[in-house]
Amino acid sequence: MSLTQFRVDDGPHVMDGLRLLAQDGNDGVEAFIGRKVMDVWADSIEHRGGRQSLFRDQYNALGRLNLPALQRIVSAKYQRGAVFNRQHPFVEVLFSDIADSGEALDLSQLVRETLPPAFHRMA
């Protein structure tokens, strides 16, 4: 069965990353992509060299912009079942899942705010 009503959870939560919600028939499915995974994915496309972590508004906006790609990634992992998802129906998306999918992240609307000098890492 395919996942329906796939959406970004913009509500308050304590998870440090992109939280996605979907339905499998009458059953709710929760998927999660950690902030660090989103950072690595964005960094792999931007090739900026200096790491600047995404903030919640940024990764939620990226999630909404890339919802079809994220739905394909989450659905593929979800369909593999409990054997591959220890917390089934919860799906944790790893960078390896993203890389294996071949999906591209659209960063066209990502706005990075300039950090004050005190926040830049010293090499």
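Note: the structure precedes this text.
All of these numbers come straight from a predicted model, not from anything done at the bench.

### Quick look at the sheet that holds strand β2 (residues 17–24)
Part 1: Strands sit in the order β1-β2-β3-β4 across an open sheet of four strands; the sheet is mixed. In this open sheet, the two edge strands, each paired with only one partner strand, are β1 (4–8) and β4 (91–93). If you compare each strand with its neighbour and ignore which way they point, the axes differ by 20 degrees on average.

### Focus on unusual backbone geometry
Part 1: Positive phi values are uncommon outside glycine, yet Gln 5 reaches one of about 50 degrees.
Part 2: The topology assignment puts Gln 5 in strand β1.
Part 3: Take Gln 5: its relative accessible area is 57%, and that puts it in the exposed class.

### Some remarks on the nonpolar core
Part 1: Residues Leu 18, Leu 20, Ile 33, Met 38 and Val 74 are the most contacted members of the largest nonpolar core, which totals 26 residues.
Part 2: Of all the secondary structure elements, the ones that give two or more residues to this core are β1, β2, β3 (27–34), α1 (35–46), α2 (56–65), α3 (67–79) and β4.
Part 3: Excluding residues within four positions of it along the chain, Ile 33 makes contact with Gly 17, Leu 18, Leu 20, Met 38, Leu 70 and Val 93.

### Section: the pairing of β2
Part 1: For β2, the buried fraction is high: eight of the eight residues fall into the buried class.
Part 2: Two elements, β1 and β2, share three bridges in a ladder whose sense is antiparallel. Residue Arg 7 lies in a different strand from β2, and its bridge partner there is Leu 21.
Part 3: By the bridge criterion, eight bridges tie β2 to β3 in an arrangement that is antiparallel.

### Looking at the pattern of salt bridges
Part 1: This model, assessed by the stated rule, comprises seven salt bridges.
Part 2: Lys 77 serves as the salt-bridge partner of Asp 97, at 2.8 Å between the closest nitrogen and oxygen. Of the two residues, Asp 97 is situated in helix α4 (residues 95–101) and Lys 77 in helix α3; the sequence distance between them amounts to 20 residues.
Part 3: By relative accessible area, which is 9% here, Lys 77 ends up buried.
Part 4: Because the salt bridges share partners, they merge into one network encompassing Asp 9, Arg 19 and Glu 30.

Rules used throughout
Residues numbered from 1 in each chain as written. Predicted model: local features only at pLDDT ≥ 70, side-chain atom pairs only at ≥ 80, totals over all residues. Heavy atoms only, no water. Pairing = 2+ DSSP bridges. Helix = DSSP H or I, 4+ residues; strand = E, 2+ residues; numbered from the N terminus. Axes fitted to C-alpha atoms, helices over the stretch in contact; angles between N-to-C directions. Buried < 20%, exposed > 50% of the residue type's maximum accessible area, 1.4 Å probe, protein only. Core = buried A, V, L, I, M, F, W, Y, C linked by side-chain atoms within 4.5 Å. Contact = heavy atoms within 4.5 Å. Salt bridge = Lys/Arg side-chain N within 4 Å of Asp/Glu carboxyl O.

Read these as geometric descriptors, not functional statements.
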